[in-house]
Amino acid sequence: MFERYLAALEYPAPGGINIDDPKEFRNIILWLEDQKIRHYTIEDRANLRKVTSPADWDPAYEKYKLDLKFPVSDLKSKAEELTWLFLYAIKLEYSDSVDRYRPISGAKKQEEEKKATAAPQIKSTNPFDNIDFTSPDFEQGSRNLAEKLGVAYHPDHLVSLRSAGRVISTMFNKEVLKEPIITGKPFPLDEGTGMGFSKEPDMEKAARILRLLQIQNLRKLQTAINETIVSVQNITADPRTDTSLGKVGMK
C-alpha cells in the first residue's frame, strides 16, 4: 500500500509495512521523525522511542501530531495519518535537495523507462545467476553440504558454504586425490595441556587447534620459500653466454 512512499524515502526494509501491527506502526513513525522530518531535537524524541510502551508512546504521538499541525479532523485512520506523514516527509526531502530533483519530471521518467525496455536484453548463460541464495531450499542445501563435509555449524549459511568450498578445493581437487591417503594416528586434540588453559578444556582445545593451523601456515610458507630458492638457483646456475661478444688476445 505504501510501497511508492517507502521507495521514495529509501526505507531500509523492503517488503512494505504492516500498520495493523502496533509496534511496526510506532517504528515507522519513529523512523520518519529520526531520518526525514526531524521536527524534534534528539532529546525530545525520547518518548517516541519507547515503541514497546504504549502508555508512553501514545501520548507522545498525540503531541507530535499537534506539533506538526496535523489536519486531525480530516484524517480518520492510521493509514490516512501515515500517508500525510509520508507526503510531508517527501516534501521536506525535496526542499532539502531541490537541485537534485528539479530536472526530474513525469515525462522524462516515462522516456527513460521506454528506453530501458527498448534496450536489448542479455540473457545470462551462467546458471548461478538464476539462484536465489536467500531461499530456504538453498539455505538447507548449504547446511547439508557443510554437514557432510564435517564443517562446523554457523548461523550464516553463506559462511558455511564458503567453508565447504574451501574444504572441497583443498582436499578434493585432482592433485590431492592423486596422492596416497595418509594413515596414522590423528593428533590428540582432546588430550594433554601446555597451552596455558589447563582449567578451561574448551579454551585449551581451541588454542591447540590454532597452534596447529599456525604450524601448517609456517610449513606452507617454508615450502614457498624453498621453491623460490630453487627457481633462482636454476637461473643463476645455468647462465647463457653470448660468444659474439667475446674477444681473444690483448689489445
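Rules used throughout
- Throughout this description, residue numbers start from 1 for each chain and increase along the sequence as written.
- Local features in this predicted model are restricted to residues whose pLDDT is 70 or higher, and side-chain atom pairs enter the listing and the counts only when it is 80 or higher, whereas totals over whole chains, interfaces and linings include all residues.
- The side-chain quantities take in all heavy atoms of the structure and omit both hydrogens and water.
- Counting from the N terminus, the helices are the DSSP runs of H or I reaching at least four residues and the strands are the DSSP runs of E reaching at least two.
- Expected helix span is taken as 1.5 Å per residue step, with the number of steps being one fewer than the number of residues.
- Each residue is assigned to one of three classes by its accessible area relative to the maximum for its type, calculated with a 1.4 Å probe on protein chains only: buried under 20%, partly exposed between the two thresholds, exposed over 50%.
- Here the arc refers to the set of directions running from the helix axis out to each C-beta atom.
- Note on contacts: a residue pair qualifies if any of its non-hydrogen atoms lie within 4.5 Å across the two residues.
- To pair, rings of Phe, Tyr and Trp, with the six-membered ring standing in for Trp, must have centres within 6.5 Å; the planes then decide the type, stacked if under 30 degrees apart, edge-to-face if over 60, and tilted in the middle.
- Buriedness of a pocket was judged along seven lines, with at least five required to meet protein on both sides within 12 Å; pockets are open sets of points on a 1 Å grid over the protein atoms alone, cavities are sets where a 1.4 Å probe fits but cannot get out, and lining residues have an atom within 4 Å of a point.
- Grid points are joined across faces, edges and corners, and a volume is the space filled by probe spheres set on the points.
- The residue classification treats Ala, Val, Leu, Ile, Met, Phe, Trp, Tyr, Cys and Pro as nonpolar and Asp, Glu, Lys and Arg as charged. All others, Gly included, are polar.
- Among buried residues, the Ala, Val, Leu, Ile, Met, Phe, Trp, Tyr and Cys ones that are joined through side-chain atoms within 4.5 Å form a nonpolar core.
- pLDDT is a residue-level measure of predictor confidence that goes from 0 to 100.

To continue, consider helix H3 (residues 54-67). Along its 14 residues, H3 runs 19 Å from first to last C-alpha, staying within 8% of the 20 Å computed at 1.5 Å per residue. The complete set of buried residues in H3 reads Trp 57, Ala 60, Tyr 61, Tyr 64 and Lys 65. Viewed along the axis of H3, the buried residues span an arc of 140 degrees, placing them on a single side of the element. In this structure, H3 carries Ala 55 and Leu 66 as exposed residues pointing more than 90 degrees from its buried face.

Once that is clear, we can look at the side chain of Arg 143. As for its position among the elements, Arg 143 is in helix H7 (residues 136-148). When neighbours within four sequence positions are excluded, Arg 143 is seen to be in contact with Tyr 153, His 154, Pro 155, Asp 156, His 157 and Ser 160.

Evaluated as defined, the whole model comprises eight aromatic pairs. Look at Tyr 40 and Tyr 64: their rings are 5.4 Å apart centre to centre, the planes differ by 65 degrees, and that puts the pair in the edge-to-face class. Note that Tyr 40 is positioned in the loop between helix H2 (22-37) and H3 and Tyr 64 in helix H3, a separation of 24 residues in sequence. Given a relative accessible area of 12%, Tyr 40 falls into the buried group. With 4.5 Å between their ring centres and 50 degrees between their planes, Phe 70 and Trp 84 make a pair best called tilted. In this pair, Phe 70 sits in the loop between H3 and helix H4 (78-96) while Trp 84 sits in helix H4, placing the two residues 14 residues apart along the sequence. According to the relative accessible area criterion, Phe 70 is buried, its value standing at 8%. In this structure Trp 84 comes out as partly exposed when scored by relative accessible area, which is 21%.

To find leftover empty space, one rolls a probe the size of a water molecule over the atoms. For the largest pocket, the calculated volume is near 630 Å³. Val 151, Ser 163, Arg 166, Val 167 and Met 171 are, among the 15 residues lining the largest pocket, the residues nearest its centre. Secondary structure elements with two or more residues in the lining of the largest pocket: helix H8 (157-171) and helix H10 (201-236). If you tally residues by element for the lining of the largest pocket, the top one is H8, at seven residues. Its residues assigned to classes, the lining of the largest pocket comprises six nonpolar, six polar and three charged.

Another point: the environment of Lys 50. Following the sequence through the fold, Lys 50 ends up in the loop between H2 and H3. Accessibility expressed as a relative area gives 36% for Lys 50, which makes it partly exposed. The sequence separation of Lys 50 and Lys 23 amounts to 27 residues, and the corresponding C-alpha distance is 9.9 Å. Setting aside its immediate chain neighbours within four residues, Lys 50 contacts Asp 56 and Trp 57.

Core analysis: the largest hydrophobic core is formed by 28 residues, its most contacted members being Ile 17, Ile 28, Ile 29, Leu 32, Tyr 64, Leu 82 and Phe 86. Every element with two or more residues in this core is listed here: H2, H3 and H4. No other element matches the seven residues that H2 contributes to this core.

With that settled, the discussion passes to the side chain of Glu 33. Residue placement: Glu 33 occurs in helix H2. By relative accessible area, Glu 33 is classed as buried at 0%. Residue contacts for Glu 33: discarding those within four places in its chain leaves Arg 38, His 39, Tyr 40, Arg 45, Leu 48 and Tyr 64.

Turning to the confidence of the model for the chain, a few remarks are in order. Of all residues in the chain, 75% have pLDDT values of 70 or greater, and the mean over the chain is 78. The least confident element of the chain, judged by mean pLDDT, is helix H5 (residues 98-101) at 56; the most confident is H3 at 92.

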